[in-house]
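Given next are the chains, with one letter for each unit.
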Amino acid sequence: MTTTLRPAGPEQRERDGARSRDYTVCVNGRPVGGVRIGAEPRGGPGRIDALAIDEPDRRRGRGTVAALAAEEVLRQWGCTRALVSVPDEAEYALRMGVALGYTETNRTLHKDLPPGADIAEPPPGEALRALTVRDSADWLARQRAGFVASLTEAGAPAEQAESHAETSYALAFPGGTPAPGSELYALDYDGVTVGRLWLHTSPGPGWVQAVEVDPAHRGRGHGRTLMLAAEARCRAAGAASIGLNVFTTNTVAIRLYTSLGYRPTLHQLWKPL
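Residues numbered from 1 in each chain as written. Predicted model: local features only at pLDDT ≥ 70, side-chain atom pairs only at ≥ 80, totals over all residues. Heavy atoms only, no water.

Caption draft 1: Up close: unusual backbone geometry. The backbone of Arg-59 sits at a positive phi, close to 60°, despite the residue not being glycine. Structurally, the position occupied by Arg-59 is in the loop between strand E5 (46-53) and helix H1 (62-76). Phi angles above zero are rare outside glycine, and Asp-190 is one such case at about 50°. Tracing the backbone through its elements, the reader meets Asp-190 in the loop between strand E9 (182-189) and strand E10 (192-200). (Helix = DSSP H or I, 4+ residues; strand = E, 2+ residues; numbered from the N terminus.)

Caption draft 2: Looking closely at the packing of aromatic side chains. This model, assessed by the stated rule, comprises three aromatic pairs. Consider the rings of Phe-173 and Trp-198, whose centres lie 5.0 Å apart with planes at 35°: the pair is tilted. With Phe-173 in the loop between helix H4 (158-172) and E9 and Trp-198 in strand E10, the pair connects residues that are 25 residues apart, well separated along the chain. In this structure Phe-173 comes out as buried when scored by relative accessible area, which is 10%. (Phe/Tyr/Trp six-rings, centres within 6.5 Å; stacked < 30°, edge-to-face > 60°. Buried < 20%, exposed > 50% of the residue type's maximum accessible area, 1.4 Å probe, protein only.)

Caption draft 3: Representation of the side chain of Thr-225 within the structure. The residue Thr-225 is located in helix H5 (residues 222-236) in this model. Residue class for Thr-225 comes out buried when judged on its relative accessible area of 11%. Apart from residues no more than four positions distant in its own chain, Thr-225 is found in contact with Pro-122, Pro-123, Glu-126 and Leu-187. (Contact = heavy atoms within 4.5 Å.)

Caption draft 4: View of the nonpolar core. If you look at the biggest cluster of nonpolar residues, it comprises 25 residues, and the most contacted ones within it are Val-35, Ile-37, Ile-48 and Trp-77. Elements supplying a minimum of two residues to this core: strand E3 (19-27), strand E4 (30-39), E5, H1, strand E6 (81-87) and helix H2 (91-99). Apart from the residues lying within four places of it in its own chain, the contact partners of Val-35 are Leu-5, Arg-21, Asp-22, Tyr-23, Val-25, Ile-48, Ala-50, Leu-51 and Ala-70. Residues Val-194, Met-227, Tyr-257 and Leu-260 belong to the second largest nonpolar core, which totals 22 residues. (Core = buried A, V, L, I, M, F, W, Y, C linked by side-chain atoms within 4.5 Å.)

Caption draft 5: A look at the packing of helix H3 (residues 137-153) against H4. Running from amino to carboxyl end, H3 crosses H4 at an angle of 140°, the nearest separation of the two axes being 9 Å. Here H3 is positioned oblique relative to H4, judged by the angle of their axes. Crossing angle aside, the handedness with which H3 passes H4 is right-handed. Contacts between H3 and H4 pair Leu-140, Gln-143, Arg-144, Phe-147, Val-148, Leu-151 and Thr-152 from the former with Ala-158, Ala-161, Glu-162, His-164, Ala-165, Glu-166 and Tyr-169 from the latter. (Axes fitted to C-alpha atoms, helices over the stretch in contact; angles between N-to-C directions. Parallel < 35°, antiparallel > 145°, perpendicular 65-115°, else oblique. Left-handed = near helix turned anticlockwise from the far one by under 90°.)

Caption draft 6: Structural view of the layout of surface pockets. Reported here for the second largest pocket is a volume of approximately 560 Å³. Considering the residues around the second largest pocket, the lining is formed by 28 residues, among which Leu-51, Ala-52, Tyr-92, Ala-93 and Met-96 are closest to the centre. A breakdown of the residues in the lining of the second largest pocket according to their chemical character gives 17 nonpolar, four polar and seven charged. (1 Å grid on protein atoms, 1.4 Å probe; cavity = no way out; pocket = protein on both sides within 12 Å on 5 of 7 lines; lining within 4 Å. Points joined across faces, edges and corners; volume = space filled by probe spheres on them. Nonpolar A, V, L, I, M, F, W, Y, C, P; charged D, E, K, R; others polar.)

Caption draft 7: The arrangement of the pattern of salt bridges in detail. Within the structure shown, the criterion is met by 18 salt bridges. The salt bridge partner of Arg-107 is Glu-104, with a shortest N-O separation of 2.9 Å. The class of Glu-104 is partly exposed, set by a relative accessible area of 23%. Put simply, Glu-71, Glu-72, Arg-75 and Lys-271 are held in one network by salt bridges that share partners. (Salt bridge = Lys/Arg side-chain N within 4 Å of Asp/Glu carboxyl O.)

Caption draft 8: View of helix H6 (residues 251-259). Among the residues making up H6, those that are buried are Ala-253, Ile-254 and Tyr-257. Viewed along the axis of H6, the buried residues span an arc of 100°, placing them on a single side of the element. Facing away from the buried side of H6 by more than 90 degrees, the exposed set consists of Val-252 and Arg-255. Buried residues in H6 make contact with strand E7 (103-112), strand E11 (206-213), H5 and strand E12 (241-247). One or two residues past the end of H6 sits Gly-261, with phi positive at roughly 100°. (Arc of directions from axis to C-beta.)

Caption draft 9: Fine view of the side chain of Arg-235. Looking at the element boundaries, Arg-235 is found in helix H5. Look at Arg-235: it is buried, it has no salt bridge, and the nearest opposite charge is Glu-231 at 4.6 Å. A polar contact is formed between the side chain of Arg-235 and the backbone oxygen of Pro-114, at a distance of 3.5 Å. (Lys, Arg positive; Asp, Glu negative; His and termini not counted. Polar contact = N/O pair within 3.5 Å; in protein donor to acceptor, adjacent residues only side chain to side chain.)

Caption draft 10: Structural context of the packing of H5 against H6. With their axes 11 Å apart at the nearest point, H5 and H6 run at an angle of 50° to one another. Classed by the angle they form, the pair H5 and H6 counts as oblique. Classified by chirality, the crossing of H6 by H5 is right-handed. Residues Gly-223, Arg-224 and Met-227 of H5 form the contact with H6, whose own contacting residues are Leu-256, Tyr-257 and Ser-259. A class-by-class count of the residues in the contact of H5 with H6 yields three nonpolar, two polar and one charged.

The following block contains the structure:
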């Protein structure tokens, strides 16, 4: 039997050059599912945004062939890498991605924040204080550079990584001031700054944009203190949950988040084409 893709509608193009299209997955001309692909503008990465096979035709390799066919379309569009976002509960899709040569680069973690939960006080000697953008300029610059480096290590071209970082930071600090809900903090221990936190508390779920403990002060529980402070600030702002993104190479951070009750909700994988 032959599995092919058949256009399910016209290609959609945006003014900036981004494009997308839906396809029907067919076996000998019989529809058995669908796939949606997209591509970022200016030679950006391609994406397999959705892929579903009807229940009666699952576990027969249809999805694998459809994914390979989608990759071929992305190559024809000029994409040099493909990205996929896979929910944590989609175990088969994760296994299929690995089998097709995709590598996980980062994942989204989530934790519920039930109202009325006890708020942990910082250990003796530790104190959290608010920072201004000016106070945080050097640290934010290092965070931005590290973000770009992580993107390039994950396969993004340097120009695209820089553009993505520039857009993200411009949205977070329009005109050099924090956007509503963005908060910056320093953690002091015995009068010495040992860590920093960049947090988004509202509207919607809380989000840890960046958290860092200075190398000389790691391994002493300061990261845990910063994360608990982030949860307390989000809960106080009315958020029912908190999330963050972590690169899979940061195994120390992943262990910390797991110990605090964070669970993966989304896996980001990529593959060179």
